[in-house]
Amino acid sequence: RHSGFARGDLRMLARAPRHRLIQRAPSSSSSSSSSPMSAPPPAHASRRGSAPSSAASASAERWVEYDCDGTSLCALVVDAPQEAAIRGAVPAVLVAHTAIGVRDDFVLDAARRAAKELGAVAVACDLYGSRETVWDAEDRRRYMAELQDRNVLLKRMEAALELAMSQPGVDKAIAFGYCLGGKAVLDLARGARPEVLGVVSFHGILDAPALALKPMSASVLACHGSADPFIPEDQFQAFLRDMADRDADVQILTFLGAKHAFTRPEKTTQEDDDAGFQYAPKAATRSWDAMKRFFIDDVLAQD
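Residues numbered from 1 in each chain as written. Predicted model: local features only at pLDDT ≥ 70, side-chain atom pairs only at ≥ 80, totals over all residues. Heavy atoms only, no water.

Participant: How should I be thinking about the overall build of the protein chain in this particular structure?
Facilitator: A count of helices and strands for the protein chain gives 8 helices and 9 strands. Buried positions account for 53% of the 303 residues belonging to the protein chain. Contacts spanning at least 24 positions in sequence make up 74% of the contacts within the protein chain whose residues lie at least 6 apart. Of the roughly 12,800 Å² of accessible surface on the protein chain, a fraction of 50% belongs to carbon and sulfur atoms. (Helix = DSSP H or I, 4+ residues; strand = E, 2+ residues; numbered from the N terminus. Buried < 20%, exposed > 50% of the residue type's maximum accessible area, 1.4 Å probe, protein only. Contact = heavy atoms within 4.5 Å. Areas by Shrake-Rupley, 256 points an atom, 1.4 Å probe, with all protein chains shown as cover.)

If you want it as structure tokens, here you go:
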């Protein structure tokens, strides 16, 4: 399915960001703390996940604490490659996590890869405020319950956006996310901040939330599995109507037979399949490549 609509425009009133560096961690050397905390961010190894690609960037990275309405959040900021930075202004790319949080290696490596391949400052957003990977189902339900109010989810994404826009040399933003993060970046687009030029959802939740109806200035690419059990047809149609009502520029890339979490290499068991999750290697590769083309050849080229 494909749907395209004219782009809208809306001005915004920027708020002053609040954040502080809590850990500097160049990928090629050991970490050192520049602002001690009672408990530094723990290791973020995934239990079963793996990176979207073996590609890695030598860019410096650091954990930065920031605030959203009194909730302490912590994002990984990955610098743009030096060859991109010396050319002048660079985009920021926000990367939004799944239900297990920002400490997931899959998401962190996606941020590192995006920084390298898009020539951008990458910010792996924190939607929870957890300092560890959220494996416990009850903890996940508790964190996600806070985000059922989509205005709260939007505010968490806007706080990450302010952090991203405050990075040296950044003059615009793009965003992508997986599952919960796909829903989050779509809500960021619905927020109509003019510095956000485009967003990509990978097997995100496609729906029609009760957010203020504004013309969307960001273009959208939604990479969707036709067999995703979390997106029934009536909900998908509601998503399309919502995008039309917001005068959005939308592309839908549908992978026939793909289920939820088709980018996740660890989703290969019968238990995963029964629950509606299944890795699809071709869909994973093609959706990443489609994202790059969308950002580089379409969104950023027109800026």
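Participant: So what exactly am I meant to see when it comes to the packing of aromatic side chains here?
Facilitator: Aromatic rings in a pair are described by how distant their centres are and how their planes are angled relative to each other. For the structure on display, the rule yields 9 aromatic pairs. Between the aromatic rings of Phe176 and Tyr178, the centroid separation amounts to 5.9 Å while the plane-to-plane angle is 85°, which identifies the pairing as edge-to-face. As far as the burial class goes, Phe176 and Tyr178 line up, both buried. On the numbers, 5.5 Å between centres and 55° between planes, the contact of Phe255 with Phe262 is tilted. Just above the ring of Phe277 sits the side chain of Lys267; from NZ or CZ to the centre is 5.0 Å. (Phe/Tyr/Trp six-rings, centres within 6.5 Å; stacked < 30°, edge-to-face > 60°. Lys NZ or Arg CZ within 6 Å of the ring centre and 35° of its normal.)

Participant: Please clarify how helix H6 (residues 233-245) should be interpreted in this entry.
Facilitator: An α-helical turn contains 3.6 residues, so any two residues separated by three or four positions project in the same direction. With 13 residues, H6 should reach 18 Å at 1.5 Å per residue; the first-to-last C-alpha distance of 18 Å fits that figure. Along H6, the residues that are buried comprise Phe236, Phe239, Leu240, Asp242 and Met243. On an axial view of H6, the arc spanned by its buried residues comes to 160°, and they lie on one face. Residues of H6 that are exposed and point over 90 degrees away from its buried face: Asp234, Arg241 and Asp245. Two residues or fewer past H6, Asp247 is found with a positive phi of approximately 55°. (Expected span 1.5 Å × (residues − 1). Arc of directions from axis to C-beta.)

Participant: It is not clear to me how unusual backbone geometry should be interpreted in this structure. Could you clarify?
Facilitator: The phi angle of most residues is negative, glycine excepted, and most peptide bonds adopt the trans form. Despite not being glycine, Ala192 has its phi angle at roughly 60°, a positive value. Within the secondary structure, Ala192 sits in the loop between helix H5 (180-190) and strand S7 (196-202). Positive phi, normally seen in glycine, also occurs at His203, with a value near 35°. Structurally, the position occupied by His203 is in the loop between S7 and strand S8 (219-225).

Participant: Looking at this structure, I do not really get the packing of helix H2 (residues 105-118) against helix H8 (residues 281-299). What am I missing?
Facilitator: In a pair of packed helices, the angle between the axes and the distance between the axes together describe the arrangement. One way to put it is that H2 packs onto H8 with a least axis distance of 12 Å and a crossing angle of 45°. Taken together, H2 and H8 sit at an angle that is classed as oblique. Once H2 is placed against H8, the crossing between them reads as right-handed. When H2 is examined against H8, the residues Ala110, Arg113, Ala114, Glu117 and Leu118 are found in contact with a partner set consisting of Trp288, Lys292, Phe295 and Ile296. The residue makeup of the contact of H2 with H8, split by class, is 6 nonpolar, no polar and 3 charged. (Axes fitted to C-alpha atoms, helices over the stretch in contact; angles between N-to-C directions. Parallel < 35°, antiparallel > 145°, perpendicular 65-115°, else oblique. Left-handed = near helix turned anticlockwise from the far one by under 90°. Nonpolar A, V, L, I, M, F, W, Y, C, P; charged D, E, K, R; others polar.)

Participant: Explain the pairing of strand S4 (residues 90-96) to me, please; I cannot follow it from the model alone.
Facilitator: Two faces, one strand: in a regular strand the side chains alternate between the faces of the sheet. The element S4 is extensively covered by neighbouring structure, given that 7 of its 7 residues are classed as buried. Two strands pair when backbone bridges link them, and S4 and strand S6 (residues 170-178) are joined in this way by 7 bridges, in the parallel orientation. Bridge pairing links Val93 to Ile174 in S6. As paired strands, S4 and strand S5 (residues 121-124) are joined by 4 bridges and run parallel to one another. Along S5, the bridge assignment pairs Ala92 with Val121. (Pairing = 2+ DSSP bridges.)

Participant: Can you walk me through the environment of Arg62 in this structure?
Facilitator: Note on placement: Arg62 falls in strand S2 (residues 61-68). Overall, Arg62 belongs to the buried group, its relative accessible area being 9%. Separated by 15 residues in sequence, Arg62 and Val77 have C-alpha atoms that sit 5.4 Å apart. At 2.7 Å, the side chain of Arg62 forms a polar contact with the side chain of Asp79. (Polar contact = N/O pair within 3.5 Å; in protein donor to acceptor, adjacent residues only side chain to side chain.)

Participant: I tried to follow helix H4 (residues 150-165) on my own but got confused; where do I start?
Facilitator: Along its 16 residues, H4 runs 22 Å from first to last C-alpha, staying within 8% of the 22 Å computed at 1.5 Å per residue. Most of H4 sits out of view: 12 of its 16 residues are buried. Turning to H4, its buried residues number three or more, namely Arg150, Leu153, Leu154, Arg156, Met157, Glu158, Ala159, Ala160, Leu161, Glu162, Leu163 and Ala164. For H4, the N-terminal capping position is held by Asp149, with its side-chain oxygen 3.0 Å away from the main-chain nitrogen of Asn151.

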